[in-house]
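These are the residues of each chain, in order.
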Amino acid sequence: MFSHYSSLHIPDTPYPRIVIIGGGFAGIQLVKTLSRQYASVQIVLLDKHNYHTFQPLLYQVATCALAPDTVAEPLRDILKQYPHFYFRHAKALYIDPTNRKVTTTSGVLTYDYLVIANGAKTNYFNNALIAKYSLPMKNLNDAMHLRQHLLKNLERTTIIHHPGILSSLQHFVVVGGGPTGVEIAGALGELRKNVLPHQYPEIDTTRMQISLIEGADRILNTMSQRASKKTLRYLEQLGIQVILKKFVQSYNGKTVIFDDRSTLSTANFIWAAGVKGNIIKGFSDQVVKDSRLLVNEYSQVKGYDNIFAVGDVACMVGIKYPKGYPMIAPVAMQQGKLLAQNLLRLLRHQQLKKFRYFDKGMMAIVAEHQAVVDLPIKGLGFSGLLAWMAWLFIHVLFVRGKRNRMVILSNWLWSYYTKNKGVKGIYYTKKY
Ligand SMILES: Cc1cc2nc3c(=O)[nH]c(=O)nc-3n(C[C@H](O)[C@H](O)[C@H](O)COP(=O)(O)OP(=O)(O)OC[C@H]3O[C@@H](n4cnc5c(N)ncnc54)[C@H](O)[C@@H]3O)c2cc1C
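So, a few notes on the structure that sits alongside this text.

Parameters at a glance
Residues numbered from 1 in each chain as written. Predicted model: local features only at pLDDT ≥ 70, side-chain atom pairs only at ≥ 80, totals over all residues. Heavy atoms only, no water. Helix = DSSP H or I, 4+ residues; strand = E, 2+ residues; numbered from the N terminus. Contact = heavy atoms within 4.5 Å. Near = heavy atom within 4 Å. Polar contact = N/O pair within 3.5 Å; in protein donor to acceptor, adjacent residues only side chain to side chain. Areas by Shrake-Rupley, 256 points an atom, 1.4 Å probe, with all protein chains shown as cover. Nonpolar A, V, L, I, M, F, W, Y, C, P; charged D, E, K, R; others polar. Domains from an automatic or database assignment. Expected span 1.5 Å × (residues − 1). Axes fitted to C-alpha atoms, helices over the stretch in contact; angles between N-to-C directions. Parallel < 35°, antiparallel > 145°, perpendicular 65-115°, else oblique. Salt bridge = Lys/Arg side-chain N within 4 Å of Asp/Glu carboxyl O. Buried < 20%, exposed > 50% of the residue type's maximum accessible area, 1.4 Å probe, protein only. Core = buried A, V, L, I, M, F, W, Y, C linked by side-chain atoms within 4.5 Å. Phe/Tyr/Trp six-rings, centres within 6.5 Å; stacked < 30°, edge-to-face > 60°. Lys NZ or Arg CZ within 6 Å of the ring centre and 35° of its normal. Pairing = 2+ DSSP bridges.

This brings us to the environment of Leu34. Within the secondary structure, Leu34 is located in helix α1 (residues 25-36). Residues Leu34 and Leu338 lie 304 residues apart in sequence; the distance between their C-alpha atoms is 9.8 Å. Setting aside its immediate chain neighbours within four residues, Leu34 contacts Ile18, Ala39, Ile43, Ala340, Leu343 and Leu344.

Structure, rendered in structure tokens:
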């Protein structure tokens, strides 16, 4: 043990090496907690991006409210002060558990302990057409691509006269009635109401349609009935058409086809209908459950003592969560924190602690003064102005970087008073 190899310029030290794949909510919490203990371990963080993405605000990047860098803090800025810590900008491609090796885009390195915290990716449910033509909302590039697409189509709307093409350009279809879908639909509704009439006086915004599609019988179906009903009312007040109990079967770039063979015509098809674990090659199928890595209460991947998975990529079954804990930031952060403590216990040959999820409740936002909060105590919650303020407060508090917090706050204040959005340039990105 403790003799290492690395082609990524990581020094070989007498300390055990913990390699972490992914600097998301779980990975950062893990590094921070481990480092604060000043333990004699070497920590290597690998990420395919050199920044941490604050995904809960991506929809604001996509709808012109925030610039991309405000939700993407460089990982070296977040984690710079920690001893025995190394960050490498590299994508993990393959894990070899037998030889304790990770192959990355920049080289190979060995580990004593491996933590897989590389999150989730968009789930297109094996539909190649939807994957090709839809606008996903999972990462920063997706959000920028979506914004560029929306702005380009708005510009095209001022030129096109053909009524069929015009109505397709003016129809915004959002699939998925979870928090992300609701937030995008709400933000589009606000753009239509407050921004576009001034910015695009030649567009008849009364002809612009926004549809939110959900397969279940209610939106926000992981929240309370009360929150669902309230959110539905907010969306309807903004003029958003909510279509329930319908499943999208396909989309060919022009037409949405539903399972009942009905259709909708749109040039803006936003896919917020699901995510699945980012599984890195090297594990057998027995270790994977519903596209996530099966782990025990200590986050150990099934069958391995020294490989762990935390956050969205991990499927840890809890008493109230037979399908695994929800793929949300608090679960990822709590798992990351406990794993750091458990890794130190493991090195000290102490008993490991089991994961217990501390549920702090859930929230979602629709528009200005319109949000819903479910408290962890069953049946309790609130909505409206207070919920909206709570949402803003919590989100600005958890964003990484003081400068980002200041910029976000000033952007929000500016939008609140001017009813305008600040980031409307068309910068070219490609979908990947
Ligand atoms: C649009 C959107 C809105 C959301 N809103 C909320 C919300 O309001 N509240 C909430 O609680 N949750 C929300 N979530 C969910 C929340 O963001 C996730 O649960 C959380 O990010 C999971 O943390 P994680 O550490 O597991 O993964 P992530 O935060 O996704 O981090 C994974 C990291 O791994 C890196 N990575 C991926 N693959 C590799 C690889 N092969 N090699 C190296 N690095 C890799 C990525 O670059 C990334 O930095 C939202 C998610 C999305 C997409």
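Around the ligand, the surrounding shell holds 30 residues, and the nearest of these are Ala26, Asp47, Gln55, Ala92 and Asp312. In this structure, Asp47 approaches the ligand through a side-chain N or O atom, which is 2.6 Å from an oxygen atom. Relative to its unbound accessible surface of 990 Å², the ligand loses 89% to contact with the protein. At the level of elements, α1, β2 (42-47) and α9 (329-347) are the ones that each hand at least two residues to the shell around the ligand. Residue contributions to the shell around the ligand peak at three residues, all from α9. Residue composition of the shell around the ligand, grouped by class: 14 nonpolar, eleven polar and five charged. For the shell around the ligand, the domains that each give at least three residues are domain 1 (17-48 + 90-122 + 276-347) and domain 2 (128-273 + 368-418).

Its place among the elements puts His349 in the loop between α9 and β24 (362-367). In this structure the C-alpha to C-alpha distance between His349 and Lys193, which are 156 residues apart in sequence, comes to 61 Å.

This paragraph deals with unusual backbone geometry. Non-glycine residue His9 carries a positive phi angle of around 60°. For His9, the position within the fold is in the segment before β1 (17-21). Positive phi outside glycine occurs at Lys245, with the angle close to 55°. Relative to the helices and strands, Lys245 is located in the loop between β14 (241-244) and β15 (248-251).

Let us now look at α9. The terminal C-alpha atoms of α9 lie 27 Å apart, and with 19 residues this matches the ideal 27 Å at 1.5 Å per residue to within 8%. Directly after α9, the chain includes His349, whose backbone phi takes a positive value near 60°.

On to the packing of helix α10 (residues 385-398) against helix α11 (residues 402-418), then. Following both chains from N to C, one finds α10 and α11 inclined at 150°, their axes separated by 9 Å at the closest point. In terms of orientation, α10 lies roughly antiparallel with respect to α11. Within the contact between the two elements, α10 uses Trp388, Trp391, Leu392, His395, Val396 and Leu397 and α11 uses Arg405, Ile408, Leu409, Trp412 and Tyr416. Broken down by class, the residue content of the contact of α10 with α11 amounts to nine nonpolar, one polar and one charged.

Moving on, we get to the pattern of salt bridges. Two side chains bearing opposite charge may form a pair once their charged atoms approach each other closely. A full pass over the atoms with the stated rule returns seven salt bridges. With a closest N to O distance of 3.7 Å, Glu297 and Lys354 form a salt bridge. Taken together, the residues Glu297 in the loop between β21 (292-295) and β22 (307-309) and Lys354 in the loop between α9 and β24 connect sequence positions 57 residues apart. Exposure remark for Glu297: the relative accessible area of 32% places this residue in the partly exposed category. Judged by its relative accessible area of 41%, Lys354 falls in the partly exposed class.

Moving on to the nonpolar core. Counting residues in hydrophobic clusters, the biggest one holds 89 residues, and the most contacted among them are Leu57, Leu79, Val115, Leu188, Leu235 and Leu343. Here the element with the most residues in this core is helix α7 (residues 179-199); it accounts for eight residues. The residue makeup of this core includes at least three contributed by each of domain 1 (17-48 + 90-122 + 276-347) and domain 2 (128-273 + 368-418).

Let's shift gears to the packing of aromatic side chains. Counting across every chain of the model gives twelve aromatic pairs. Judged by centre distance (6.1 Å) and plane angle (70°), the ring pair of Tyr321 and Tyr357 falls under edge-to-face. Of this pair, Tyr321 sits in the loop between β23 (314-316) and α9 while Tyr357 sits in the loop between α9 and β24, and the two are 36 residues apart along the sequence. Neither Tyr321 nor Tyr357 differs from the other in exposure class; each is buried. Each residue in the set Tyr321, Tyr325, Phe355 and Tyr357 is aromatic and connected to the rest through ring pairs, giving one cluster. Above the plane of the ring of Phe258 lies Lys246, whose end atom (NZ or CZ) is 4.7 Å from the centre. Lying across the ring of Tyr416, Lys419 places its NZ or CZ 4.6 Å from the centre.

The subject of this paragraph is the sheet that holds strand β25 (residues 370-374). Read from one edge of the open sheet, three strands run β24-β25-β26, paired in antiparallel fashion. Single-partner strands in this sheet number two, and they are β24 and β26 (381-383). The average undirected angle you get between the axes of adjacent strands in this sheet is 5°. In this sheet, β25 lies alongside β24 in antiparallel orientation, the contact comprising five bridges.

On any regular strand, side chains alternate: one points to one face of the sheet, the next to the other face. Along strand β18 (residues 268-271), one buried face is formed by Asn268 and Ile270 and the opposite face, lined by Phe269 and Trp271, is buried too. Judged from the two bridges that link them, strand β11 (residues 135-136) and β18 form a sheet pairing that is parallel. Within the sheet, the bridge partner assigned to Pro136 lies in β18 and is Trp271. The sheet contact formed by strand β12 (residues 171-175) and β18 spans four bridges and is parallel. If you follow Phe172 over to β18, its bridge partner there is Asn268.

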